[in-house]
Amino acid sequence: MEMMRRERIDRGIKVRTEGIYAISSIREVLYLLGPRLILIVGMISLPFILELAPYWKRVVNIMCVYSLIALSFDFLANYVGLVCLGGAFFVGIGGYIAAIFNVYLSFPIYVSIPLATICGAIFCTLMLLPCLPLRGVYFAIVTLMYPLFFTRVIEALNILGGTNGITGLSSFPNQYVEEYTIIIVTLLFLFGMRRFVTQDIGLVLRGVKDNDQAVRASGISIAYMKSLAVFIASVMGCFAGAYIAHLYMWSGISLFALDFSIIPIASVVIGGGGTLVGAIIGSVILVPLSEILRAFGTFRIVIYCIILTLVIVFKSEGLMIYLQRKYHQFERWVKV
Amino acid sequence: MGEGMSGDIPILSTKGISKSFGGLQALIDVSFEVYRGEVFGIIGPNGSGKTTLINCITGFIKIDSGTVYFKEKNITGWKAHKIAHEGIARTFQIMRPYYSLPAYKNLIIPLWSPRARKIGGWRGGGKHGDRDTVAVDILEEIGFERDSKVPYKIASTLPTGYQKRLELARCIAVRPEIIFCDEVFSGLSMSEIAGMLPLIEKMKSDGITLIMIEHRLRELFRVADRVMALNFGEKIAEGEPFVVIEDKRVKEAYLGTEEV
């Protein structure tokens, strides 16, 4: 019997578009820009498409929030090697700081969100500094603990509104500002991070993941590099938190809910870890899916789990990596 | 060379380094001096504390007692990256390149380091392309053919010989004054070693001081000016290579003593 195996070969157009000559033909420019344009135009037109379904516009906002958190998880886990389960930590800190600025100090919304993003990121980085020498699962555990810790502190001491949370945050001036703020910020962070990880400094971070001892031996402080990475990740997380607090006009302990840690991770798994776009694609699938499954009541978790399991078993590489391969390569059967 | 230069100030000297892991005394009162431009070998049987000594000097593990001077500066207890920043580079016995990056991108990391940027003149924003070019230049110097695909291959797919060279290239890229080579010859074929020896000579002629841990004594002695022998964490001999190897205690350490 003849043995056959599948062979993967780069498409001609992929090879042609690798150099500067790609700009010489419209077809090749489209090949490069196509997927990016689909994403950008798709995201920007979502509010118009859903004009008649205001409920789903809210879902789009939440979807973008989860995308940002998933992006920060993907960056930390796959480019720096820090598995951070603290998505909820970033969101909670960002949300509460935005509430403090907006309600207690009565800063307007366009000051409180950026300020909460930066202050929250600094605070999160400082809190995580002692854990940075930890690696792998130990870092994951500590970051998982922080949101629980803050929930209990707020409950027990009855500070910052206690279990009721802080209410009365100012809302966005109108619905379009509300939507385009998060959509544009998400796209900016996505393309910004994609650029960042290919810069020299991004390569150093990948070096920290591959072999941190050699980075130290090159005279680079890994503590500094890791804290820089955590800062960048928490900027994304805290922005998401500050946004969601203003969206709900409320900041409570449910911002520290485990959802904000777990769903982004599931998104990255489904979308494909290490691609950054995968984090967005995963959220675009998972968040609306979880809304649709709301009709099933508590049974939705079961369906959710089944879908996740199927993806992990049959397409463990993730959707984005699969799509990229199909886009760039073709397959054929050859004799062994 | 070494004896003649002993009047000079040593580039690196240690005084009474001791280190114990629990009950095991890994290093006992080790003192030695290395002069600029030398190739200094450290030999000894397995478990004699050679790698521990390197780890202690380069700050990867803490010293229990003793001091390390680099160019008359006391660097004892400094963090590893600060010691590297001063100009002490090292290779690792177990090669672990940045395996997900192409070989030449492996060098971007040391080239990005504050030391390389200071010395190499990239401070204040070198362009993205610059470092890539320098990286390929260094790789070419160390024996990666520029026109072949080798420098652009993912590091984890490279053969052992190239990975060893990559380790050295990574050290050279930080522009060090001293390189600690932890068994660069081990696991290489005779022809690969023959290819490495000129690199060692080249680094030496570039004025880099080399401190080499080695089990392959024949190859080491072709390049080393002086060697030091360790056994059970103690220094048992130091001097010209062929004098050291004839030393009674060194022979005992390698071959064992005869029970009477």
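Here is a short report on the structure shown in this document.

What counts as what
Residues numbered from 1 in each chain as written. Chains lettered and ligands numbered in written order. Predicted model: local features only at pLDDT ≥ 70, side-chain atom pairs only at ≥ 80, totals over all residues. Heavy atoms only, no water. Helix = DSSP H or I, 4+ residues; strand = E, 2+ residues; numbered from the N terminus. Pairing = 2+ DSSP bridges. Core = buried A, V, L, I, M, F, W, Y, C linked by side-chain atoms within 4.5 Å. Buried < 20%, exposed > 50% of the residue type's maximum accessible area, 1.4 Å probe, protein only. Domains from an automatic or database assignment. Contact = heavy atoms within 4.5 Å. Buried area = accessible area lost by both parts, 1.4 Å probe. Salt bridge = Lys/Arg side-chain N within 4 Å of Asp/Glu carboxyl O. Nonpolar A, V, L, I, M, F, W, Y, C, P; charged D, E, K, R; others polar. Axes fitted to C-alpha atoms, helices over the stretch in contact; angles between N-to-C directions.

Right, let's get into unusual backbone geometry. Even without being glycine, methionine 249 of chain A reaches a positive phi, approximately 55°. Note that methionine 249 of chain A resides in the loop between helix 10 (222-248) and strand 3 (250-251). Notably, lysine 71 of chain B is not glycine yet its phi reads approximately 50°, a positive angle. Considering the arrangement of structural elements, one finds lysine 71 of chain B in the loop between strand 4 (65-70) and strand 5 (73-74).

So, about the pairing of strand 4 of chain B. Moving residue by residue along a regular strand, the side chains alternate between the two faces of the sheet. Residues and elements named next belong to chain B. For strand 1 (residues 12-21) and strand 4, the ladder comprises five bridges, and the chain directions are antiparallel. If you follow leucine 12 over to strand 4, its bridge partner there is phenylalanine 70. Direction of pairing for strand 4 relative to strand 5: antiparallel, over a ladder of two bridges. Residue pairing for strand 5: phenylalanine 70 is matched across the bridge by lysine 73.

Our focus in this paragraph is the nonpolar core. By size, the foremost hydrophobic cluster in this structure holds 159 residues, and its most contacted members are Phe75 and Leu76 of chain A together with Leu139, Ile179 and Met212 of chain B. The biggest single contributor to this core is helix 3 (residues 54-80) of chain A, with 17 residues. Among the domains, domain 1 (1-87 + 177-260) and domain 2 (94-175) of chain B are the pair contributing at least three residues each to this core. Contact partners of isoleucine 179 of chain B, with chain neighbours within four places excluded, come to Ala89, Cys171, Ile172, Met203, Ile208, Thr209, Leu210 and Ile211 of chain B. In this structure, Ile11, Ile57, Ile63 and Ile178 of chain B belong to the second largest nonpolar core, which totals 25 residues.

A few words now on the interface of chain A and chain B. Residue-level contacts link 21 residues of chain A with 25 residues of chain B. Counting the surface lost from both chain A and chain B, the interface buries some 2100 Å², and carbon and sulfur atoms represent 61% of this. Across the chain A-chain B interface, the total number found is one salt bridge. One salt bridge in this structure joins arginine 131 of chain B and aspartate 200 of chain A, with 2.5 Å as the shortest N-O distance. With seven residues, the single largest contributor to the side of chain A that touches chain B is helix 8 (residues 200-210) of chain A. The residue makeup of the side of chain A that touches chain B, split by class, is eight nonpolar, eight polar and five charged.

We now examine the sheet that holds strand 6 (residues 88-90) of chain B. Residues and elements named next belong to chain B. An order of 6-7-8-3-9-10 is seen for the six strands of this open sheet, with the pairing classed as mixed. Two strands lie at the open edges of the sheet, namely strand 6 and strand 10 (234-239), each paired on one side alone. Neighbouring strand axes in the sheet, compared pairwise and without regard to direction, differ in orientation by 20° on average. For strand 3 (residues 39-43) and strand 9 (residues 226-231), the ladder comprises four bridges, and the chain directions are parallel. Across the sheet, residue isoleucine 42 finds its bridge partner in strand 9, namely methionine 228. Its contacts with the sheet put helix 8 (residues 190-205) on strand 3, strand 7 (178-182) and strand 8 (209-213), and the angle it makes with strand 8 is roughly 145°. Of the strands in this sheet, strand 3, strand 9 and strand 10 touch helix 11 (residues 248-255), which is tilted by about 125° from strand 10.

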